[in-house]
Amino acid sequence: MYKKLLEKIIYPFMYFVRRERVSTFVKLYEESQWNSINIIENNQFEKIKELIQYHAINSKTYSQFLIKNGVSTNLSTIADFEKIPIMEKSDVNNFLVDAKKNYSSFGSYTVRLTGGSSGVPAVVFVDPECSARSLAARIVCQGWHGVKPSDRQIRLWGRPLVSGRTKAFLKDLLLNRIRLNSQSFEEIKINKTIKKLIKSKPDYIYGYASLIQLVSDKINDKNLKQIFKNIKCVISTSETMSIKQQKAISEKFKCPVVDEYGCSEVDIIAFECPSGSKHIVSDNVFIEIIRFGDEPDGYGQVVITDLNNKLMPMIRYRLGDLVSVEKIKCSCGRGWPCLGRIIGRSQGQYIFSPGKGMVHSQYVVYIIEELVFKGFPIEIFKIIQSDNYNLKIILGLKEGTDLDLGEVSTYFKNESKHVLGEGLICNFEIASVDTMRKDLKNKFCHFESQI
Ligand SMILES: [Zn+2]
């Protein structure tokens, strides 16, 4: 009954308020995923041409960026597009001034905070059409496994809800979601978490591979299929899931375990189909796999263009994930091309806290993202745990800025106490951005455990 209410009233009303035409794009993607590769590539190039023209006119900073690099805004071939310099994470915040000037003309907007595993925090503004297209892609892709937007989701999640806890709780309640975050995975609470998971009777589980595995390893009941009789699939996101992890979780829950590949900056990028290939959501993103020089043989780095974000240019943006360059043809028949094997994304990177036990490093990353959102001029960061009692957080600052480390430390202490508990001493240091950048050979070095 409630599912019907969600489907017919709540979601349509929410999309209407946010000016997001989600159902239009769901219909479009239900068809476009089967297009031939020629049609897909032609459509993508047309969108790229339009996107460059749009940002050249509407974003003063992007226009200057193109002029400075001698790039024409009239693209004739994809080779012209490839002349546009690669955008780094540290460039993203340069486009914020224009986004803040322009967002009122879109009627609504969404903010995506990113820093994630890269150690370089950024803020991305997203217009309603772009946001609607991301939601539509997720609905279509999850539909491949029988999941509907109104289905009950249990979310094994990282974000510790530093701010807006009540809003998130109400939103989850309204949208038939249960969120299990940081505290739920502490050693002493894990059994309670499992009971909650069982009681919630989810239609699917969504979350970090390492957290799903943690729960899966702790569940001993042999009659799981009876307990989780509704469960359609488990969706792993944010971290690369190993084949071994995927197999173990699937055997435990007795349902398909599928991989979603995405990032905060552009949301969903690729999704695993029932035949086991990760199809790129080609209506939303254009992917280049580029070798910059020090990648392992057969691998390149993901460079992504968000084909729909008119509020902020995310064009030829280096994500930094390593992906194999192999060509994969999927037997399912979908035209959206497939992404190769992804390596190097963070897996099970835990901070040890004397008061709380193992805590996912992502929780600390989210607090640093909040610091950036509040205006602290952090350009890059690294977290190092040298022993069981000390955590060092090194910050690289934006050029020409200064930071009161006492202020940062106080904010961090207040926001992290419910996640890290007592007994872990967090020290902040400032270091040169150039030195830190050299140290960040790939995006997975934001956390280093030396214990
Ligand atoms: Zn497929």
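Residues numbered from 1 in each chain as written. Predicted model: local features only at pLDDT ≥ 70, side-chain atom pairs only at ≥ 80, totals over all residues. Heavy atoms only, no water.

**Student:** Lay out the sheet that holds strand 3 (residues 153–156) with the relevant residues and their values.
**Tutor:** Pairing is mixed in the open sheet, where 8 strands are placed in the order 4-3-5-6-7-8-9-13. Across the chains shown, the open sheet's two edge strands, defined by having one partner strand only, are strand 4 (177–180) and strand 13 (338–339). Helix 11 (residues 209–218) contacts strand 3, strand 5 (204–208) and strand 6 (233–237) of the sheet and is inclined by roughly 120 degrees relative to strand 5. (Pairing = 2+ DSSP bridges. Helix = DSSP H or I, 4+ residues; strand = E, 2+ residues; numbered from the N terminus. Contact = heavy atoms within 4.5 Å. Axes fitted to C-alpha atoms, helices over the stretch in contact; angles between N-to-C directions.)

**Student:** Explain helix 15 (residues 405–420) residue by residue, including any values.
**Tutor:** Compared with the 22 Å implied by 1.5 Å per residue over 16 residues, the 19 Å span of helix 15 between its first and last C-alpha is markedly short. Approximately 35 degrees is the largest bend angle found in helix 15, and it occurs at Asn-414. Looking at helix 15, one finds that the buried residues are Val-408, Tyr-411, Phe-412, Glu-415, Ser-416, His-418, Val-419 and Leu-420. Where helix 15 begins, the capping side chain belongs to Asp-404, and its oxygen is found 3.0 Å from the backbone nitrogen of Gly-406. Of the residues trailing helix 15, Gly-421 is marked for its positive phi of about 70 degrees. (Expected span 1.5 Å × (residues − 1). Bend = angle between axes of the 7 residues up to and from the residue. Buried < 20%, exposed > 50% of the residue type's maximum accessible area, 1.4 Å probe, protein only. Polar contact = N/O pair within 3.5 Å; in protein donor to acceptor, adjacent residues only side chain to side chain.)

**Student:** Go over the pairing of strand 5, please, and point to the residues and values.
**Tutor:** Strand residues, when the strand is regular, have side chains that alternate between the two faces of the sheet. For strand 5, the tally of buried residues reaches 5 of 5 residues, placing the bulk of the element in the interior. Bridging between strand 3 and strand 5 involves 4 bridges; their strand directions are parallel. Directly across from Ile-154, in strand 5, lies its bridge partner Ile-205. The pairing of strand 5 with strand 6 spans 5 bridges and is parallel. Residue pairing in the sheet places Tyr-208 in a bridge with Thr-237 of strand 6.

**Student:** If you had to explain the coordination of the zinc ion to someone new, which residues and values would you point to?
**Tutor:** Within the first shell, the zinc ion binds the protein through Cys-273 (SG), His-279 (NE2), Cys-330 (SG) and Cys-332 (SG), at distances of 2.1 to 2.3 Å. Note that the zinc ion binds 4 donor atoms; their angles at the metal cover 100 to 121 degrees, and the shape is tetrahedral. All donor residues of the zinc ion come from one chain, and their arrangement in sequence is C-x5-H-x50-C-x1-C. You can see His-279 sitting in strand 9 (residues 278–280) and its partner Cys-330 sitting in the loop between strand 12 (317–324) and strand 13, a full 51 residues away along the chain. Residue His-279 shares its accessibility class with Cys-330, and that shared class is buried. (Donors = N, O, S within 2.8 Å, 3.2 Å for Na, K, Ca; no water. Tetrahedral: all angles 85-135°; square planar, octahedral: opposite > 155°, others 65-115°.)

**Student:** Describe the nonpolar core, listing the residues and the values that go with them.
**Tutor:** What tends to happen in soluble globular proteins is that the nonpolar side chains get buried as a cluster. If you look at the biggest cluster of nonpolar residues, it comprises 131 residues, and the most contacted ones within it are Leu-156, Ile-269 and Ile-383. The dominant element in this core, judged by the number of residues it contributes, is helix 14 (residues 362–373), at 8 residues. Leaving out residues up to four positions away in the same chain, Ile-383 has contacts with Ile-351, Val-364, Val-365, Ile-368, Leu-391, Lys-392, Ile-393, His-446, Phe-447 and Glu-448. By size, the runner-up hydrophobic cluster in this structure holds 5 residues, among which are Ile-380, Ile-384, Ile-394 and Met-436. (Core = buried A, V, L, I, M, F, W, Y, C linked by side-chain atoms within 4.5 Å.)

**Student:** Outline the packing of aromatic side chains, supporting the account with residue identities and numerical values.
**Tutor:** For any pair of aromatic rings, geometry is given as the distance between the ring centres together with the angle between the planes. A full pass over the atoms with the stated rule returns 14 aromatic pairs. For the ring pair Tyr-109 and Phe-125, a centre distance of 5.1 Å and an interplane angle of 5 degrees mean the geometry is stacked. With Tyr-109 in the loop between helix 7 (96–102) and strand 1 (110–114) and Phe-125 in strand 2 (residues 122–126), this residue pair connects regions lying 16 residues apart in the sequence. Plain terms: the ring middles of Phe-412 and Phe-428 are 5.3 Å apart, the flat faces sit at 75 degrees to each other, and that makes the pair edge-to-face. Residue Phe-412 is found in helix 15, and its partner Phe-428 is found in strand 19 (residues 425–431); the two are separated by 16 residues along the sequence. What makes Phe-412 buried here is its relative accessible area of 1%. Taking relative accessible area as the criterion, Phe-428 reaches 11% and is therefore assigned buried. Of the aromatic side chains, those joined through ring pairs into one cluster are Phe-25, Tyr-29, Trp-144, Phe-271 and Trp-336. In this structure, Lys-310 packs its charged tip against the face of Tyr-54, placed 5.1 Å from the ring centre. (Phe/Tyr/Trp six-rings, centres within 6.5 Å; stacked < 30°, edge-to-face > 60°. Lys NZ or Arg CZ within 6 Å of the ring centre and 35° of its normal.)

This is a description of form; function is not addressed.
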